[in-house]
Amino acid sequence: RLLLENAQQLVLVCGRRERYLRRDGAAGLAVLRGASLVVGLDGCIKAVGQADVIRNQFSEATFERIIDCSGKCVLPGLVDAHTHPVWAGDRVHEFAMKLAGASYMEIHQAGGGIHFTVEHTRKATEEELFSTFKHRLERMLRAGSTLVECKSGYGLNLETELKMLRVIERAKRSMDIGISSTYCGAHSVPKGKTATEATDDIINNHLPKLRELKLSGEIHVNNIDVFCEKGVFDLESTRRILQAGKDIGLQINFHGDELHPMKSAELGAELGALAISHLEEVSDEGITAMAKAKCAAVLLPTTAYMLRLKQPQARKMLEEGVIVALGSDFNPNAYCFSMPMVMHLACVNMKMSMNEALAAATINAAYALGKSDTHGSLEVGKQGDLIIINSSRWEHLIYQFGGHEALINYVIVKGKVIYQNEMCETMSSY
């Protein structure tokens, strides 16, 4: 078991087993000073409280590891609620096109964007995909993410989608980082098919195969995703695919209202979606419907920043009681591994407070993945996923823009130290 002793600040995020925090809840994050935390052999948190109380309570116990957290802060491991991390082929050349004024859809229609990545991902071997994916996850981990949502979606045919999902399954089983896997076969309409044909193929072929592989224990997928967008999958096709996914036990968590208002939020609320991502063009009715349905909004400040889109209306969503979560949207279009940078962008560009951004990158991101009963806060009984930062105030995790290699001291998953940063011992984070 593990003892973290005498932290300057221990940021619990939630203290009363909340499944999510809305705006009013996020205002008062639970923070303890001079506090300690114990993780048991089963990887779950056994005690959280004042350092002297914990010392007395565990005076007879032996610990495999004790970490002195004097002058440091302990926070829950960060949760990245939206990533596309399995792919081959680099799209750095498209960044230059975007800087020169080309829009996302112009690049897409010129054979770039998703189609460029699909072509390269189809050609890559499973081994090649796993190797790059593993390195990307390790970089996310070093930036403080301990649970990451990972999508397929650069195959668009059954064979490549399954190849991607096998790669994600292999990482789930062999790596310490937590993974929530998402089937995103409806990420784009494959060349040579109409949206209706692609929809029929997914419903008649892809989803039955996923169900079969789940029953045999080979691949366990958590979520279903569709890119509901003008010129991609319309509202009716999206409804059919999401409903078919829900029917085989997948959680609905999809791309909506990004480039055009599509009424995706209204559809998600109606279907009982756990979460909808993007929402740059969401309607007022959609926001109201999501708040009522407790459907999380996964906002992606990197995407709006990179594509120079208008920012999602985080403040309006928070004020109307929507559960707001954050994701990095890591993909060849938005190459960002760092949830601390995402939180910083959310505060500056989307006008979120630091408390709201931290709640959005922990408990609310866990809620968007159906995992907030076990992840996203430092409470007794939850999984011992946490980070220790080399600073006496937790806000440095958001306030600092980049440079996290001198700030994140330890990353711990299930009570096991999986990253220890020696630089923190010799460098001040200020």
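Since this is a predicted model, take the numbers as computed values, not measurements. (Residues numbered from 1 in each chain as written. Predicted model: local features only at pLDDT ≥ 70, side-chain atom pairs only at ≥ 80, totals over all residues. Heavy atoms only, no water.)

### Here's the deal with the overall build of the chain
Just so we agree on the cut-off: The way it works is that DSSP assigns letters per residue, a run of H or I at least four long becomes a helix, a run of E at least two long becomes a strand, and they are numbered from the N terminus. Radius of gyration: over C-alpha atoms. The globule rule applied is 2.2 Å multiplied by the number of residues raised to the 0.38 power. Under the scheme applied here, a residue whose accessible area is under 20% of the maximum for its type counts as buried, over 50% as exposed, and between as partly exposed, the area being computed with a 1.4 Å probe on protein chains only. Whether two residues are in contact is decided by their heavy atoms: any pair within 4.5 Å suffices. Accessible surface is estimated by sampling points in the Shrake-Rupley manner with a 1.4 Å probe; for residues, cover comes only from the protein chains shown.
Scanning the chain for helices and strands turns up 18 helices and 16 strands. Relative to the compact-globule value of 22 Å for 430 residues, the chain shows a C-alpha radius of gyration of 21 Å, a close match. On the principal axes, the C-alpha backbone points of the chain span a range of 70 × 45 × 40 Å. Sorting the 430 residues of the chain into buried and exposed places 60% on the buried side. Taking the contacts inside the chain whose residues are at least 6 apart along the sequence as the reference set, 72% of them involve residues at least 24 apart. Of the roughly 16,400 Å² of accessible surface on the chain, 50% is carried by carbon and sulfur atoms.

### Here's the deal with the packing of aromatic side chains
For clarity, the cut-off: Pairing of aromatic side chains here covers Phe, Tyr and the six-membered ring of Trp, requires ring centres within 6.5 Å, and sorts the geometry by plane angle: under 30 degrees stacked, over 60 edge-to-face, intermediate tilted.
For the structure shown, the criterion picks out seven aromatic pairs. Each ring, one from Trp87 and one from Tyr335, has its centre 6.1 Å from the other, and the planes form 80°; the classification is edge-to-face. With Trp87 in the loop between β6 (78–80) and α3 (92–99) and Tyr335 in the loop between β13 (324–326) and α14 (339–350), the pair connects residues that are 248 residues apart, well separated along the chain. Residue class for Trp87 comes out buried when judged on its relative accessible area of 3%. For Tyr335, a relative accessible area of 43% corresponds to the partly exposed category. A ring pair is formed by Phe330 and Tyr335, whose centres lie 4.9 Å apart and whose planes are at 70°; its orientation type is edge-to-face. Chaining the aromatic ring pairs together yields one cluster made of Trp87, Phe330, Tyr335 and Phe337.

### Some remarks on the domain arrangement of the chain
Cut-off, in case you're wondering: For the domains described, the bounds stem from an automatic or database domain assignment. By definition, the buried area sums, over both parts, the 1.4 Å-probe accessible area that each loses when the two are put together. When a carboxyl oxygen of Asp or Glu is within 4 Å of a side-chain nitrogen of Lys or Arg, the pair counts as a salt bridge.
For the chain, the assigned domains read domain 1 (2–76 + 377–420) and domain 2 (79–369). With centres defined by C-alpha atoms, the gap from domain 1 to domain 2 works out at 29 Å. It is Arg22, Arg23 and Ile398 that lose the most area in domain 1 upon contact with domain 2, and together they represent 24% of the buried surface on that side. Counting across the domain 1 and domain 2 interface gives one salt bridge. In this structure, the salt-bridge partner of Asp176 is Lys416, at a minimum N-O distance of 3.1 Å.

### Section: the sheet that holds β6
As a general point, the strands of a sheet are linked pairwise by backbone hydrogen bonds and lie either parallel or antiparallel. The test is simple: At least two DSSP bridges between two strands are needed for those strands to be called paired. Lines fitted to the C-alpha atoms define the axes, with helices restricted to the stretch that makes contact. Angles between their N-to-C directions range from 0 to 180 degrees.
Reading across the sheet, the eight strands line up as β6-β7-β8-β9-β10-β11-β12-β13 and stay open at both edges, with parallel pairing between neighbours. A single partner strand is all that each edge strand has here, and the edge strands are β6 and β13. If you compare each strand with its neighbour and ignore which way they point, the axes differ by 25° on average. The strands that helix α6 (residues 126–142) touches are β7 (145–151) and β8 (178–186); relative to β7, the one it contacts most, it runs at about 140°.

### A word on helix α8 (residues 195–215)
Definition in use: Expected span of a helix: the number of residues minus one, times 1.5 Å. One axis is fitted to the seven residues ending at the residue and one to the seven starting there. The bend at that residue is the angle between these axes.
Taking 1.5 Å as the rise per residue, α8 with 21 residues should run 30 Å; its terminal C-alpha atoms sit 29 Å apart, in good agreement. Residue Ile202 marks the point of greatest curvature in α8, where the axis turns by about 35°. Along α8, the positions that sit buried rather than exposed are Ala198, Thr199, Asp201, Ile202, His206, Leu207, Leu210 and Leu213. Two residues or fewer past α8, Gly217 is found with a positive phi of approximately 80°.

### Considering the confidence of the model for the chain
Rule in force here: For every residue, the predictor states its confidence as a pLDDT score lying anywhere from 0 to 100.
Per-residue confidence for the chain gives a mean pLDDT of 96; residues scoring 70 or more make up 99%. For the chain, helix α1 (residues 23–27) is the element with the lowest average pLDDT, namely 74, and β6 is the one with the highest, namely 99.

### As for the UniProt feature "domain: Amidohydrolase-related" (unreviewed entry) in the chain
Keep this limit in mind: UniProt positions are given in the numbering used here, feature names are shortened, and annotations may be inferred rather than shown by experiment.
UniProt feature "domain: Amidohydrolase-related" (unreviewed entry): in the numbering of this structure it lies at residues 74–417. Spanning residues 74–417, this segment combines 44% helix with 16% strand, and its end C-alpha atoms are found 13 Å apart.

### Considerations on the pattern of salt bridges
Per the stated rule, a full pass over the model turns up 24 salt bridges. Between Lys310 and Glu281 there is a salt bridge; the shortest N-O distance is 3.5 Å. Of this pair, Lys310 sits in the loop between α12 (301–306) and α13 (314–319) while Glu281 sits in the loop between β11 (275–278) and α11 (284–293), and the two are 29 residues apart along the sequence. A residue is classified by how much of its surface remains accessible, and Lys310, at 49% relative accessible area, is partly exposed. Each of Glu149, Lys151 and Asp225 takes part in a single network of salt bridges with overlapping partners.

### Re the environment of Ala275
Within the secondary structure layout, Ala275 lies in strand β11. In this structure Ala275 comes out as buried when scored by relative accessible area, which is 0%. Residues Ala275 and Lys263, twelve residues apart in the sequence, show an inter-C-alpha distance of 14 Å. Setting aside residues no more than four positions away along its own chain, Ala275 makes contact with Ile252, Asn253, Phe254, Cys295, Ala296, Val298 and Ala368.

### As for the side chain of Ser237
Among the secondary structure elements, Ser237 is positioned in helix α9 (residues 235–247). Apart from the residues lying within four places of it in its own chain, the contact partners of Ser237 are Ala195 and Thr199.

### Topic: the packing of helix α7 (residues 158–174) against α8
Let me state the cut-off plainly: Here a crossing is taken to be left-handed if its near helix is turned anticlockwise relative to the far helix by less than a right angle, and right-handed if that turn runs clockwise. In this classification, Asp, Glu, Lys and Arg are treated as charged, Ala, Val, Leu, Ile, Met, Phe, Trp, Tyr, Cys and Pro as nonpolar, and every other residue, Gly included, as polar.
Axis separation between α7 and α8 bottoms out at 11 Å; the angle between their running directions is 35°. Judged by the sense of rotation from one axis to the other, the crossing of α7 with α8 is right-handed. The residues of α8 that touch α7, namely those facing Leu158, Glu161, Leu162 and Leu165, are Asn205, His206, Lys209, Leu210 and Leu213. Classifying every residue of the contact of α7 with α8 by side-chain character gives five nonpolar, two polar and two charged.

### Things to note about unusual backbone geometry
At Asp257, a position not held by glycine, the phi torsion is positive, near 50°. Here Asp257 is to be found in the loop between β10 (251–256) and α10 (264–271). Judged by relative accessible area, Asp257 falls into the buried class, the value being 1%.

### Points about the pairing of β8
For β8, the tally of buried residues reaches nine of nine residues, placing the bulk of the element in the interior. Sheet topology places β7 next to β8; five bridges connect them, and they run parallel. Residue pairing in the sheet places Val148 in a bridge with Ile179 of β8. In the sheet, β8 pairs with strand β9 (residues 223–226) via three bridges, with the strands oriented parallel. Residue pairing in the sheet places Thr182 in a bridge with Asn223 of β9.

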